[in-house]
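A closer look at the structure
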Number of protein chains: 2
Amino acid sequence: MAGRRTDTRQRIQEIALELFSERGYEQTTLQEVAERLEITRPALYYHFKAKEDILNGVIEDLNASLDELVEWARAQPHTAAAKREILGRIADLLEDRWRPLFRFAQVNQTAMERIPAGEGMQERLITLLSVLTTPGADPVRQFEERLAVFALILGTLPFLFEMELPEDQRTATAMTVAAKLVSGQ
Amino acid sequence: MAGRRTDTRQRIQEIALELFSERGYEQTTLQEVAERLEITRPALYYHFKAKEDILNGVIEDLNASLDELVEWARAQPHTAAAKREILGRIADLLEDRWRPLFRFAQVNQTAMERIPAGEGMQERLITLLSVLTTPGADPVRQFEERLAVFALILGTLPFLFEMELPEDQRTATAMTVAAKLVSGQ
DNA sequence: GTCTATACTCGGATAGAC
DNA sequence: GTCTATCCGAGTATAGAC
């Protein structure tokens, strides 16, 4: 177990993201990351030139996933049905593997704002919002369409429901509400 | 300007909140706070026993405001009209003086989670959400009612609209959407 | 009661040896 | 690719001046 050396970079990202999510980005010390990997603190600096670079790398992977989605979404027409389908794919993305990372981004906004990939993620989300927005519609309509995305994201937060609802039913409920919002009821 | 003063504690809170909001809580150093006040760094420790205590004091003031609102809201009936009125008061609170603080709390969630007053604020917000929730209603209905509060909060974020809309029209739009959500359209 | 000087510890970062 | 040694800056503690 102690002889591997080529996958260290990736292992750093995994462990770091785990700790960043648990304790928050700023509260996590590189000492803790190094200890879990059983290397020393300066050794991390061979693979990443700064703490922020570790986080940046992880978010870049997320952005690549978002890029596919955004590209596809831009090609869709401005119909309610197409918008529901876009929301469905956003929900899938949250489901698949990125949910913890979305939650992290939400809780650690100050860190996200300081890294390039964080800016990139925000740009992609804004693009997604604008794809869902009917051009020329009145502001209330546009706001409802945009709110739909946040309904999906908020649906992943347990505290939004005190009600005892299993997770899959929570996300289903959020999707229903989001679909209503883009459909204009 | 170099003499001793008696309002230092309050001035610390004001300046600190300003800087915390600009650069984020963790990125703000006590050195910067002290410099703006033209005192030394250790002097801060006479008034507050830790950096987190400065933030905690500010949030306690907000919680006191929230308490009034929560107490009043609990006494309201579960009618759509009453819920719209509750949302109106939440919007007023955001308007009045607490908007920057709400924004701060959103962006600096990790810091908020570590201070007692942050927990207190979250409890109060959850109470507000539950007051807006019709007991026994189906989950979709309940989620819509809760989402209304977030519509108000999100309405304060400029980036949610690319559209060129002045701030007062943004908040008005958010209020309209929120009202629709609790009214079940 | 209000503040300054000083010092300690820990975390991020760099240089250079193996 | 990883280590030791070292630096710097930030939060914190304490002694003591006024």
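Residues numbered from 1 in each chain as written. Chains lettered and ligands numbered in written order. Predicted model: local features only at pLDDT ≥ 70, side-chain atom pairs only at ≥ 80, totals over all residues. Heavy atoms only, no water.

Observations regarding the overall build of chain A
Helices and strands together make up the secondary structure of chain A, namely nine helices and zero strands. Starting at the N terminus and ending at the C terminus, chain A contains elements arranged as α-α-α-α-α-α-α-α-α. Each principal axis of the C-alpha distribution contributes one length, and for chain A these read about 60 × 35 × 30 Å. For chain A, with 185 residues in total, the buried portion stands at 50%. Carbon together with sulfur atoms contributes 50% to the accessible area of chain A, which is approximately 9,200 Å² in total. Mean positive and mean negative side-chain charge positions of chain A (22 and 29 charges, respectively) differ by 2 Å. (Helix = DSSP H or I, 4+ residues; strand = E, 2+ residues; numbered from the N terminus. Buried < 20%, exposed > 50% of the residue type's maximum accessible area, 1.4 Å probe, protein only. Areas by Shrake-Rupley, 256 points an atom, 1.4 Å probe, with all protein chains shown as cover. Lys, Arg positive; Asp, Glu negative; His and termini not counted. Charge placed at Lys NZ, Arg CZ, Asp CG, Glu CD.)

Considering the domain arrangement of chain A
Residues and elements named next belong to chain A. When cut into domains, chain A gives domain 1 (8-49) and domain 2 (52-183). A C-alpha centroid distance of 28 Å is found between domain 1 and domain 2. Contacts between the two partners involve twelve residues from domain 1, matched on the other side by twelve residues from domain 2. Summing both sides of the interface, domain 1 and domain 2 together bury roughly 1,100 Å²; the carbon and sulfur share of this comes to 68%. Contact with domain 2 buries area across many residues of domain 1, yet Q13, L17 and Y25 alone supply 46% of it, more than any other trio. Linking domain 1 to domain 2 there are one salt bridge. E26 serves as the salt-bridge partner of R114, at 3.3 Å between the closest nitrogen and oxygen. Between the two partners, domain 1 and domain 2, sit three residue pairs in polar contact (both at pLDDT 80 or more). A total of six residues in the side of domain 1 that touches domain 2 trace back to one element, the largest contributor, which is helix α1 (residues 8-23). In the side of domain 1 that touches domain 2, the residues fall into seven nonpolar, three polar and two charged. (Domains from an automatic or database assignment. Contact = heavy atoms within 4.5 Å. Buried area = accessible area lost by both parts, 1.4 Å probe. Salt bridge = Lys/Arg side-chain N within 4 Å of Asp/Glu carboxyl O. Polar contact = N/O pair within 3.5 Å; in protein donor to acceptor, adjacent residues only side chain to side chain. Nonpolar A, V, L, I, M, F, W, Y, C, P; charged D, E, K, R; others polar.)

Details of the nonpolar core
Of all hydrophobic cores here, the largest spans 120 residues; its most connected members are A:L87, A:L147, B:L87, B:F102 and B:L147. Leave out the neighbours within four places in its chain, and A:L147 touches A:L181, B:L147, B:A151, B:L154, B:V177 and B:L181. (Core = buried A, V, L, I, M, F, W, Y, C linked by side-chain atoms within 4.5 Å.)

Some words on helix α7 (residues 116-131) of chain A
Residue and element names in this part refer to chain A. Taking 1.5 Å of rise per residue, 16 residues should cover 22 Å, and α7 covers 23 Å from first to last C-alpha, within 8% of that figure. All of the buried residues along α7 are A117, G118, G120, M121, I126, T127, L128, L129 and V131. Tucked into the core, α7 has its buried residues touching α4 (51-74), α5 (80-107), α6 (109-114) and α8 (139-154). (Expected span 1.5 Å × (residues − 1).)

Some points on the pattern of salt bridges
Residues and elements named next belong to chain A. Following the criterion strictly, the structure yields 28 salt bridges over all chains and no others. With a shortest N-O distance of 3.7 Å, R170 and E167 are connected by a salt bridge. Of this pair, R170 and E167 are both found in helix α9 (residues 167-183), three residues apart, which corresponds to roughly one turn of the helix. Given the relative accessible area of 9%, R170 is considered buried. Connected via shared salt-bridge partners are E18, E22, R23, E32 and R36.

Quick look at the relation of the copies chain A and chain B
When chain A is fitted to chain B, the best match, at an RMSD of 0.1 Å, comes from turning it 180° and sliding it 0.0 Å along the axis. Expressed as an axis order, the relation between the two copies is that of a two-fold axis. Looking at chain A, 100% of its interface residues are interface residues in chain B too, so the copies touch through the same face. (Least-squares fit on C-alpha atoms with pLDDT ≥ 70 in both.)

Regarding the interface of chain A and chain B
The interface of chain A with chain B comprises 39 residues on the first partner and 39 residues on the second. Between chain A and chain B, the buried area comes to about 3,500 Å², and carbon and sulfur atoms account for 70% of it. Connecting chain A to chain B are two salt bridges. A salt bridge links B:K180 to A:E144; the nearest nitrogen and oxygen atoms lie 2.9 Å apart. Secondary-structure elements contributing two or more residues to the side of chain A that touches chain B are α5, α6, α7, α8 and α9 of chain A.

Quick look at the side chain of A:Q13
Following the sequence through the fold, A:Q13 ends up in helix α1. Discounting chain neighbours no more than four positions away, the residues touching A:Q13 are A:F48, A:I54, A:G57 and A:V58.

Looking at the environment of A:E85
Structurally, A:E85 can be placed in helix α5. Taking C-alpha positions, A:E85 is 17 Å from A:D67, a pair spaced 18 residues apart along the chain.

Some details on the side chain of A:Q142
All names here are of chain A. Position of Q142 relative to the elements: it lies in helix α8. What makes Q142 buried here is its relative accessible area of 8%. In terms of polar contacts, Q142 uses its side chain to reach the backbone carbonyl oxygen of T134, at 3.2 Å.

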